[in-house]
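So the chains spell out like this:
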Amino acid sequence: MSLPANEPEHIAISKSKGVKIDWRDGHHSEYSLAYLRDECPCASCTGAHGTEPKKTNYAAEPKELFPMFKPVLKMLDVEQVGSYAIRIAWSDGHGTGIYSFDHFRRICPCEECSAAQAETATR
């Protein structure tokens, strides 16, 4: 049985920089730590079950010229969840998000995928 084209072929994880994925269909995705933390798919961050979303904004540019010090965001631990996802424990104390490979592909920040996401959002 062959795997679908949108399955990862290779995943490179750097706890201080982020995640890079080479997909079976030839696509390549790179996710910074800040972007991944902001795109956490857990119920708390997304507002599932009717709760207020607790989204972070690590990837946003600072609004002040001299922002207050913020500790550097890091991955403390990464573990495989079955054959479909990874769970990340973050240095800000968060660790309930399970990042499925479908979620990774859906949030790919490359120019091509960002343009496709923007086009879909305007429909």
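Residues numbered from 1 in each chain as written. Predicted model: local features only at pLDDT ≥ 70, side-chain atom pairs only at ≥ 80, totals over all residues. Heavy atoms only, no water.

(A) Looking closely at the nonpolar core. With 21 residues, the main nonpolar core has Tyr31, Leu36, Trp90, Tyr99 and Phe104 as its most contacted residues. Those elements that place two or more of their residues in this core are strand 2 (18-23), helix 1 (33-38), strand 5 (85-90) and helix 3 (101-106). Apart from the residues lying within four places of it in its own chain, the contact partners of Phe104 are Val19, Ile21, Trp23, Tyr31, Leu36, Ile86 and Tyr99. (Core = buried A, V, L, I, M, F, W, Y, C linked by side-chain atoms within 4.5 Å. Buried < 20%, exposed > 50% of the residue type's maximum accessible area, 1.4 Å probe, protein only. Helix = DSSP H or I, 4+ residues; strand = E, 2+ residues; numbered from the N terminus. Contact = heavy atoms within 4.5 Å.)

(B) Region of interest: unusual backbone geometry. Its identity as a non-glycine residue notwithstanding, His49 has a phi of 65 degrees, on the positive side. Here His49 is to be found in the loop between helix 2 (43-46) and strand 4 (75-81).

(C) Region of the structure containing the sheet that holds strand 2. In space, the 3 strands of this open sheet follow the order 1-2-3, with antiparallel pairing throughout. Taken across any chain shown, the strands that pair with only one partner, and hence form the sheet edges, are strand 1 (8-14) and strand 3 (28-32). This sheet shows a mean twist of 10 degrees between the axes of neighbouring strands, independent of strand direction. In this structure, strand 2 lies alongside strand 3, joined through 5 bridges in antiparallel fashion. If you follow Lys20 over to strand 3, its bridge partner there is Glu30. (Pairing = 2+ DSSP bridges. Axes fitted to C-alpha atoms, helices over the stretch in contact; angles between N-to-C directions.)

(D) Geometry of the pairing of strand 5. Bridging between strand 4 and strand 5 involves 6 bridges; their strand directions are antiparallel. Across the sheet, residue Val78 finds its bridge partner in strand 5, namely Ile88. Between strand 4 and strand 5, which pair antiparallel in sequence order, lie 3 residues; one of them, Gly82, sits at a positive phi of approximately 55 degrees. Relative to strand 6 (residues 98-100), strand 5 runs antiparallel, the two being bridged by 3 bridges. Each bridged residue has a counterpart across the sheet, and for Ile86 the counterpart in strand 6 is Tyr99.

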